[in-house]
Amino acid sequence: MATLPSENLSALGLDIDAEEAKKELLSKYPTKVARKRAKQIVVNEVGPDSCVPEIQSNVRTIPGIISQRGCTYAGCKGVVLGPTRDIVNITHGPIGCGFYSWLTRRNQTRPPGPEDHNFMTYCFSTDMQDEQIIFGGEKKLKQAVQEAYDLFKPKAIGIFSTCPVGLIGDDVHAVAREMKEKFGDCNVFGFSCEGYKGVSQSAGHHIANNGIFKHVVGLDDTVKEGKFKINMLGEYNIGGDAFEIERLFEECGLTLISTFSGNSSYDYFANSHTADLNLIMCHRSINYVAEMMETKFGIPWIKVNFIGAEATAKSLRKIAGYFDDPELMEKVEAVIAREMPAVEAEREKARARCQGKTAMLFVGGSRAHHYQELFREIGMETIAAGYEFAHRDDYEGRRVLPGLKVDADSRNIEELHVEPDPNRFQPRLSEEDMERLEKAGLKLSEYEGMMAEMENGALVIDDISQFETERLIELYHPDIVCGGIKEKYIIQKSGVPMKQLHSYDYSGPYAGFQGAVNFYREIDRMVNSKVWKFLKAPWQEHPELAAKYAWE
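Since this is a predicted model, take the numbers as computed values, not measurements.

J.: Any chance you could explain the packing of aromatic side chains here in plain terms?
T.: Aromatic rings considered in pairs are described by the distance between their centres and by the relative angle of their planes. Under the definition given, this model contains 21 aromatic pairs. When the centroid spacing of 5.9 Å and the interplanar angle of 80° are considered together, the rings of Tyr-29 and Phe-467 count as edge-to-face. One end of the pair, Tyr-29, is in the loop between helix H2 (18–26) and helix H3 (31–38); the other, Phe-467, is in helix H18 (residues 466–476), with 438 residues separating them in the sequence. You can call Tyr-29 buried: its relative accessible area is 15%. A relative accessible area of 32% means that Phe-467 is categorised as partly exposed. Aromatic side chains Phe-119 and Tyr-122 sit 6.4 Å apart centroid to centroid with 65° between the ring planes, which places their arrangement in the edge-to-face category. Phe-119 sits in the buried class, given a relative accessible area of 7%. In this structure an aromatic cluster arises from ring pairing among Tyr-371, Phe-375, Tyr-504, Tyr-510 and Phe-519. Against the face of Phe-243 rests Arg-110, its NZ or CZ located 3.6 Å from the ring centre. The side chain of Lys-153 reaches across the aromatic face of Tyr-149, ending 5.1 Å from its centre.

J.: Mind showing me how you'd approach the pairing of strand S2 (residues 87–92) here?
T.: Side-chain direction in a regular strand flips from residue to residue, so the side chains alternate between the two faces of the sheet. Here S2 lies mainly inside the structure; six of its six residues are buried. A two-sided burial pattern is seen for S2, the buried positions comprising Ile-87, Asn-89 and Thr-91 on one face and Val-88, Ile-90 and His-92 on the other. Sheet topology places S2 next to strand S4 (residues 156–161); six bridges connect them, and they run parallel. If you follow Asn-89 over to S4, its bridge partner there is Gly-158. Looking at chain direction, S2 and strand S3 (residues 124–125) are connected through two bridges and run parallel. Bridging from a neighbouring strand, Thr-91 pairs with Ser-125 of S3.

Scoring rules and cut-offs
- Residue numbers restart at each chain and count upward from 1, following the sequence in its written direction.
- Residues qualify for local features only when their pLDDT is at least 70, as the model is predicted, and side-chain atom pairs are given and counted only at 80 or more; totals for whole chains, interfaces and linings, by contrast, use all residues.
- The side-chain figures draw on all heavy atoms in the structure; neither hydrogens nor water molecules are used.
- Centre distance within 6.5 Å is the pairing criterion for rings of Phe, Tyr and Trp, where only the six-membered ring of Trp is used; planes under 30 degrees apart are then read as stacked, over 60 as edge-to-face, and the remainder as tilted.
- The helix and strand labels rest on DSSP assignments: H or I over at least four residues marks a helix, E over at least two residues marks a strand, and numbering proceeds from the N terminus.
- Exposure categories follow from relative accessible area, calculated using a 1.4 Å probe and restricted to protein chains: below 20% of the type maximum is buried, above 50% is exposed, and the middle band is partly exposed.
- A positively charged side chain is recorded as over a ring if its NZ (Lys) or CZ (Arg) lies within 6 Å of the ring centre. The angle to the ring normal must also be within 35 degrees.
- Two strands form a pair only when DSSP identifies at least two bridges running between them.

Here's what the structure looks like:
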């Protein structure tokens, strides 16, 4: 995307520019804290070759600052493995950690038939008490695994460690091996995903990727029918997003082998290595398994985005370009031509009412990046954005990876040593194919990051705090803020509509063409609602009335 000059954001009528806003945010911190936070707050300036400013990320939140982050356990169990319908996921820890056992993100699923397993509505926990904290909880864990097996006869059981488990030394992996051998027909595996293991939920994503790759991927070598076999990685089916994407794949003639992890199943994971191409939506949460699958089985990956009508069309064309098949290209163009008229009609309605309005997005995963596309389509500008748990490559692109140093926190996470499988490694592309893709501008294993597609002059903030969110609202007066549940209500109390993009506030889907239409309508209603004007009492709108009311 061609970036806009910095003054374009000023033309929106903002009371303060990004540099002044940054100084204002930092002015409230002690000198040492301000110096550290300054590296995590940058004004975007895209230079030649899409070069962007360096931003510090994936570092520990400063003690005392309340931010939006979750823990490592939340990233492992709550995000990556939670949406898999037929794995019994047991949280080993106190019941308070069962918040993410219960699955809170509105991940949806469709089992093939009424008799097929679906455990996503259950909350499995060992409910550790003081006795287990003092004397150890492995005995209770074995009992829980046995009970789950007896009741549900699942194909797999996952065990997820929480903070007390790591502190007292329970060996969930030993328990998993013992119970797997005992059962014989049930795969049991554990995850050392204690909440403190990393600086944020991002560490949990990495641990989940390692575990699912080590214990499940590659167990089923059955080759399914289909000319164009793909995996969808980093799509979690919030509000039914995956259903809309799957519909498009089917109409285009693409065979979806597996989704990590929306509408997913154990069998899909086990068979995923037979695909011809991996598609990555959320780069941060799933790039690890994509790279390991490429190394071991020879499956390349490309970055896609199905949030936004234009982005969806671009991604479908990108997939067709990879396979270089005239029939596939024709089907893709037919689907786009059929879907776009309804999208454009609704987009023009929303644009007429939303043009020139502003948005701020502080969301995890790829959402702070991808949803800017949807706002742009209806004429709204993103004036500030950031991630909860990003690494530098999520902001600046993967070009920075060679220069990154592994810090102490990252060393807490196991790096799997992966080599080409001697029997199943099969390069999907010939040298001629690689040359063709390069000439066509289709980049493999590449992600340019969020900042390269943001306007110059926009404010980029990593791991934004509650204070910074409130202050930015006062400084920028945005027309809408997108974030998560923890900050939702304070934003609304400020008189600004808030769109919850972690679970969609009981709405969606927002992916694909129909999802774009849903989003246009919803944002139009939110930013143009008159209710926000009635949030203040009359004497707050007109202070001179306060004395009058007091006198009366």
